[in-house]
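# Structure assessment
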Amino acid sequence: MANSKSSHSTLESPVNFTFARHETFHPRYGWLTKGFEKARENGEIFVQPDAPVELGVGKNMVRSLRYWCRAFKLLEEDNTASSRSRPASATLFGQQLLTQWDNFLENPASLWLLHWNLLKPTCDAATWYYTFNLFRGVEFTDADLLDGLQRYQTQSEKTVAKNSLKKDISCLLRMYVEQTKKKTPLEDSIDSPFTELGLIQQVGGSNRYRFRIGAKANLPPEIITAACLEYVQDRDTNNISLSHLLYDENSPGLVFKLTESAMYDALEQVSDNSEAITLSDSAGLIQFTFKGEPQELAKGILEEYYTTVG
């Protein structure tokens, strides 16, 4: 496994150049909730000798589970301690999602929220960040992704092995692409819940893939709107054009693979029921405007959504 890391936290560089930290395992059903709950009970669970027994997974899977809980920003660790003994604690997002809103991740909306949280600054999954934000192909092969990723990783401070990049791409595709071949019950249990998002589809059973761009039936407008508000959090403005929300790096439009009509419809639906959010059209330029602190508005929208869906 290779790891190259450069600490970035600004809008200009919102990603840590980390690769192949997942031990080749994508997040599986139940993993995130299990890792989160166990860490709340014992912050040092991931570094204890009996972690495989306590978590019910193999030794390599313990490391993977630890990585994914941090990458999705459900848990955070004390970086001043040794990497072997860093205690993990719940983030505010982790507490909200897994103790208040959707304890068992039963609502597909929560998977969309996790997908957004994985990619938003600071992202600790560089291949994921590149694939959804910087790679501009709609239909592609894994070789196409590898070619672009090799150029992208040269921005990091250390050389990353080609094999590590391949592992990342393989893991990403298994995470998001629903397998077309018939599966056994055992294989069903190790599938990735993120295939439910339908973001990447296999083209005709070949080695080609395609982003599914446009509206998604299981992506609520509230999730899109909250993501838009979080996106403008550090921009010192109370309005932003629809085109920026669609096409800028790390924007909800790119992360969720939305069309202009899908984005507009989502924002319009939420703004119709909110006095704090408006959409305006001036000479063909559509502006998203809000009143108040965007992070608090986003939180309120999500809380109301999860309260409504029960």
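Just above, that's the structure.
Quick caveat, the model's predicted, so the values are computed rather than measured.

Cut-offs applied
- Residues numbered from 1 in each chain as written.
- Predicted model: local features only at pLDDT ≥ 70, side-chain atom pairs only at ≥ 80, totals over all residues.
- Heavy atoms only, no water.
- Salt bridge = Lys/Arg side-chain N within 4 Å of Asp/Glu carboxyl O.
- Helix = DSSP H or I, 4+ residues; strand = E, 2+ residues; numbered from the N terminus.
- Contact = heavy atoms within 4.5 Å.
- Polar contact = N/O pair within 3.5 Å; in protein donor to acceptor, adjacent residues only side chain to side chain.
- Core = buried A, V, L, I, M, F, W, Y, C linked by side-chain atoms within 4.5 Å.
- Buried < 20%, exposed > 50% of the residue type's maximum accessible area, 1.4 Å probe, protein only.
- Pairing = 2+ DSSP bridges.
- Phe/Tyr/Trp six-rings, centres within 6.5 Å; stacked < 30°, edge-to-face > 60°.
- Lys NZ or Arg CZ within 6 Å of the ring centre and 35° of its normal.
- Expected span 1.5 Å × (residues − 1).

All right, on to the pattern of salt bridges then. Per the counting criterion, the structure on display carries nine salt bridges. The residue Glu 230 makes a salt bridge to Lys 120 at a minimum N-O spacing of 2.9 Å. Taken together, the residues span a long stretch of sequence, with Glu 230 in helix H10 (residues 221-231) and Lys 120 in the loop between helix H5 (108-119) and helix H6 (126-134) at a distance of 110 residues.

Turning our eyes to something else, we now look at the environment of Thr 33. Mapped onto the secondary structure, Thr 33 falls in helix H1 (residues 31-41). Look past the residues within four positions of Thr 33 in its chain and what remains in contact with it is Leu 98, Asn 103, Phe 104 and Leu 105. Separated by 3.1 Å, the side chain of Thr 33 and the backbone oxygen of Gly 30 make a polar contact.

Another aspect to go through is the nonpolar core. Soluble globular proteins tend to bury their nonpolar side chains together. With 98 residues, the main nonpolar core has Trp 68, Leu 97, Leu 114, Trp 128, Tyr 176, Ile 200 and Phe 256 as its most contacted residues. By residue number, the principal contributor to this core is H5, which donates eight residues. In contact with Ile 200, not counting residues within four places along its chain, are Phe 132, Phe 140, Leu 172, Tyr 176, Val 177, Tyr 209, Arg 210 and Phe 211.

Okay, unusual backbone geometry next. The omega torsion of the bond from Pro 121 to Thr 122 falls at -5°, within 30 degrees of zero and hence cis. On the secondary structure map, Thr 122 appears in the loop between H5 and H6. The phi dihedral of Glu 23 is positive, around 60°, even though this residue is not glycine. Along the chain, Glu 23 falls in the segment before H1.

Okay, the pairing of strand E8 (residues 285-290) next. Where strand E6 (residues 239-241) lies against E8, three bridges are found, and the strand directions are antiparallel. Directly across from Asn 239, in E8, lies its bridge partner Thr 289. Relative to E8, strand E7 (residues 277-282) runs antiparallel, the two sharing six bridges. Paired with Leu 279 across the strands is Phe 288, a residue of E8. As consecutive antiparallel partners, E7 and E8 are separated by two residues, and within that stretch Ala 283 has a phi angle of approximately 55°, a positive value.

Within this structure, the stated rule accounts for 19 aromatic pairs. Plain terms: the ring middles of Tyr 130 and Phe 135 are 6.1 Å apart, the flat faces sit at 55° to each other, and that makes the pair tilted. You can call Tyr 130 buried: its relative accessible area is 8%. The lysine or arginine in question, Lys 257, covers the ring of Phe 211, its NZ or CZ lying 4.5 Å from the ring centre.

Over its 13 residues, helix H3 (residues 59-71) runs 19 Å from end to end, which matches the ideal 18 Å to within 8%, given 1.5 Å per residue. Residues Met 61, Val 62, Ser 64, Leu 65, Arg 66, Tyr 67, Trp 68, Cys 69 and Ala 71 constitute the buried set of H3. On its buried face, H3 is in contact with H1, helix H2 (51-55), strand E1 (75-77), H5, H6 and helix H8 (162-176). Looking one or two residues past H3, Lys 73 carries a phi angle of roughly 65°, positive in sign.

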